[in-house]
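Structural overview for review
Spelled out, the chains give:
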Amino acid sequence: MAASVNKVILIGNLGRDPETRYTNSGSSVTNFSIATKESYADKSGARQDRTDWHNIIVWGKQGEMCAQYLKKGSPVYIEGRISYREYEAKDGSGKRKVTEIVAMRVQFLSSRGPAAGDDAGDFGGGRARGASVGAGAGGGHDETAPMDDEDIPF
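Per chain, the residues get numbers from 1 upward, laid out in the order the sequence is written. In keeping with the model being predicted, local features are shown solely for residues with a pLDDT of at least 70 and side-chain atom pairs are shown and tallied solely at 80 or more, while totals for entire chains, interfaces and linings include all residues. Side-chain metrics rest on all non-hydrogen atoms present in the structure, leaving aside hydrogens and water.

**Looking at the pattern of salt bridges**
- Here a salt bridge means any side-chain nitrogen of Lys or Arg lying within 4 Å of a carboxyl oxygen belonging to Asp or Glu. All chains considered together, the criterion is met by 7 salt bridges.
- Glu79 serves as the salt-bridge partner of Lys7, at 3.3 Å between the closest nitrogen and oxygen. Of this pair, Lys7 sits in the segment before strand E1 (8–14) while Glu79 sits in strand E5 (residues 75–88), and the two are 72 residues apart along the sequence.
- Residues joined by salt bridges that share partners form a network here, namely Lys7, Glu79 and Arg105. Per the convention used, a helix needs a DSSP run of H or I reaching at least four residues, while a strand needs a run of E reaching at least two, with both numbered from the N terminus.

**A closer look at the pairing of strand E6 (residues 95–108)**
- Inspection of the sheet shows strand E4 (residues 47–59) paired to E6 by 2 bridges, in the parallel sense. Bridging across to E6, Ile56 finds its partner in Ile101.
- Here E5 pairs with E6 via 13 bridges, running antiparallel. Pairing of Ile82 across the sheet is with Ile101, part of E6. Two strands form a pair only when DSSP identifies at least two bridges running between them.

**Digging into the packing of aromatic side chains**
- The pairing test for Phe, Tyr and Trp rings, Trp by its six-membered ring, is centres within 6.5 Å, and the orientation test on the planes gives stacked under 30 degrees, edge-to-face over 60, and tilted for anything in between. In the structure shown here, the tally under the stated rule is 1 aromatic pair.
- When the ring of Tyr69 is compared with that of Phe108, the centres are 6.3 Å apart and the planes differ by 45 degrees; the resulting orientation is tilted. Taken together, the residues span a long stretch of sequence, with Tyr69 in helix H1 (residues 60–69) and Phe108 in strand E6 at a distance of 39 residues.
- Residue exposure (1.4 Å probe, protein chains only): buried if accessible area is under 20% of the type maximum, exposed if over 50%, otherwise partly exposed. Judged by its relative accessible area of 31%, Tyr69 falls in the partly exposed class.

**Describing the environment of Tyr22**
- Topologically, Tyr22 is positioned in strand E2 (residues 19–22).
- With a relative accessible area of 53%, Tyr22 lands in the exposed category.
- Measuring from C-alpha to C-alpha, the distance between Tyr22 and Trp59 comes to 9.7 Å, with 37 residues separating the pair along the chain.

**Observations concerning the nonpolar core**
- Phe32, Ile34, Ile56, Ile78 and Val106 are the most contacted members of the largest nonpolar core, which has 15 residues in total.
- For this core, the secondary-structure elements that each account for two or more residues are E1, strand E3 (28–41), E4, E5 and E6.
- In terms of residue count, the dominant contributor to this core is E6 (4 residues).
- Filtering out sequence-adjacent residues up to four positions away, Phe32 remains in contact with Leu14, Arg16, Pro18, His54, Asn55, Ile56, Val58, Cys66, Leu70 and Ile78. We call a set of buried Ala, Val, Leu, Ile, Met, Phe, Trp, Tyr and Cys residues a nonpolar core when their side-chain atoms join them within 4.5 Å. Residues count as neighbours in contact if any of their non-hydrogen atoms are within 4.5 Å of one another.

**Focus: the confidence of the model for the protein**
- Overall, the predicted model of the protein reaches an average pLDDT of 79, with 71% of residues at or above 70.
- The score called pLDDT rates the predictor's confidence residue by residue, from a low of 0 to a high of 100. Here helix H2 (residues 130–133) is the element of the protein with the lowest mean pLDDT, 28, and E1 is the one with the highest, 97.
- Under a pLDDT of 50 for its full length, residues 115–120 has, in the predicted model, 5 contacts with residues more than four places off or in other chains.

**What about the environment of Lys7?**
- On the basis of relative accessible area, Lys7 is assigned to the partly exposed category, the value being 48%.
- Measuring from C-alpha to C-alpha, the distance between Lys7 and Arg81 comes to 4.7 Å, with 74 residues separating the pair along the chain.
- We call two N or O atoms a polar contact when they sit within 3.5 Å, provided that within protein one can donate a hydrogen and the other can accept it, with sequence-adjacent residues counted only if both atoms are side-chain atoms. At a separation of 3.3 Å, a polar atom in the side chain of Lys7 contacts the side chain of Glu79.

**Observations concerning the pairing of E1**
- Across the 7 residues that make up E1, a large majority, 5, are buried.
- As paired strands, E1 and E5 are joined by 6 bridges and run antiparallel to one another. By the bridge assignment for E5, Ile11 is matched with Tyr77.
- Of the pairings in the sheet, the one linking E1 to E3 comprises 2 bridges and is antiparallel in character.

Here it is, written out as structure tokens:
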């Protein structure tokens with residue numbers, strides 16, 4: 001069997017405040033949406049902007065921290081995997097399909113947030129890796145160093 005990869009990296013801003021719910025077994029799950037923006041020139045040379053919206057799911061303590069510190073408009077870095085699922089609509093009108101990003105790592109990019117030392121704002125896997133955001137692998141950055149504003153590619 002050939003190897004496969006399901007990995008998503010997004011940097012964007014929250015489109016709404018996070019909402020936390022709890023499963024029947026007591027596990028917490030937090031969801032929110034983020035917007036990513038792309039600018040390009042159309043055929044006539046006019047500048048166009050395109051915004052894509054992404055539904056984000058964060059489980060457990062990491063999600064609870066998102067609900068506590070993030071709000072609409074907050075900049076955030078997400079690493080996770082893409083997930084597709086179906087559910088039956090509550091109104092009985094049939095099945096609905098949903099595309100979501102299940103976050104494995106969330107890093108707050110705002111100066112506001114928890115004051116917990118070097119890893120403040122990074123929930124889910126240690127410090128940010130500058131090479132994974134702006135430069136390709138082996139881009140000359142120390143992958144254990146915290147991300148600086150200069151490492152963000154916009």
